[in-house]
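Fold and geometry: a report
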Amino acid sequence: HADAENSLLHLAVTLSGSRVLHSKRIQAHANTTLRRPKRQEPTEVLERQEPGDVYLSSSTLMRHAPQFFDTDYSTRVIAIHARILYTSADIEHFRRVRTRDSWER
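Before going into details, it helps to say that this report is about the structure given with it. As the structure is a computational prediction, the values presented were derived from the model and not from experiment. Per chain, the residues get numbers from 1 upward, laid out in the order the sequence is written. Thresholds applied to this predicted model are a pLDDT of at least 70 for local features of residues and 80 or more for the giving and counting of side-chain atom pairs; totals over whole chains, interfaces and linings are not thresholded and use all residues. To get the side-chain values, all heavy atoms of the structure are used, and hydrogens and water are removed first.

Observations concerning the overall build of the protein
Summing up its helical and strand segments, the protein has 2 helices and 6 strands in all. Ordering the α and β elements of the protein from the N terminus gives β-β-β-β-β-β-α-α. Classification of the 105 residues of the protein by burial places 22% in the buried group. Contact definition: two residues touch when any of their heavy atoms are within 4.5 Å. Taking all contacts inside the protein whose residues are at least 6 apart in sequence as the whole, residues at least 24 apart take part in 84%. Using a 1.4 Å probe, the Shrake-Rupley method yields the accessible areas, and only the shown protein chains count as cover for residues. With the model as given, the accessible surface of the protein reaches about 7,900 Å², and the carbon-plus-sulfur share is 54%. Numbering of helices and strands runs from the N terminus, with a helix taken as a DSSP run of H or I at least four residues long and a strand as a DSSP run of E at least two residues long. Each residue is assigned to one of three classes by its accessible area relative to the maximum for its type, calculated with a 1.4 Å probe on protein chains only: buried under 20%, partly exposed between the two thresholds, exposed over 50%.

Considerations on the environment of Leu56
Along the chain, Leu56 turns up in strand E4 (residues 54-57). Classification of Leu56 by relative accessible area gives exposed; the value is 58%. For the pair Leu56 and His81, spaced 25 residues apart in the sequence, the C-alpha separation amounts to 9.9 Å. Aside from chain neighbours lying at most four places away, what touches Leu56 is Leu9, His10 and Leu11.

Brief notes about the pairing of strand E2 (residues 19-25)
In terms of residue burial, E2 counts as a mostly covered element, since 5 of its 7 residues are buried. At least two bridges found by DSSP between two strands are what make those strands a pair. Pairing of E2 with strand E5 (residues 64-68) involves 5 bridges; the strand directions are antiparallel. Within E5, the position partnered with Ser23 by the bridge is His64.

Structure, rendered in structure tokens:
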């Protein structure tokens, strides 16, 4: 999935337990320019999140999914997720100015 516009800047901190963040990204190779080669396909990236791990992303603009494991109370996942609180007018502005090409990568 991709998040709503309030996750244009998304910070997550894992406090307890573990999970895996799956995301689809285009990986830059060494010695490449900022321009993306044509027809380069996103690849799935899996990143295990353990207590103390932090990630900062633009979850609105990338496909991602958290994977959780069977657990009990003592090994439960506790994580803090921080997003920006935008006004309704801000959200409407984002929706007006985005392009299909920029939003669906």
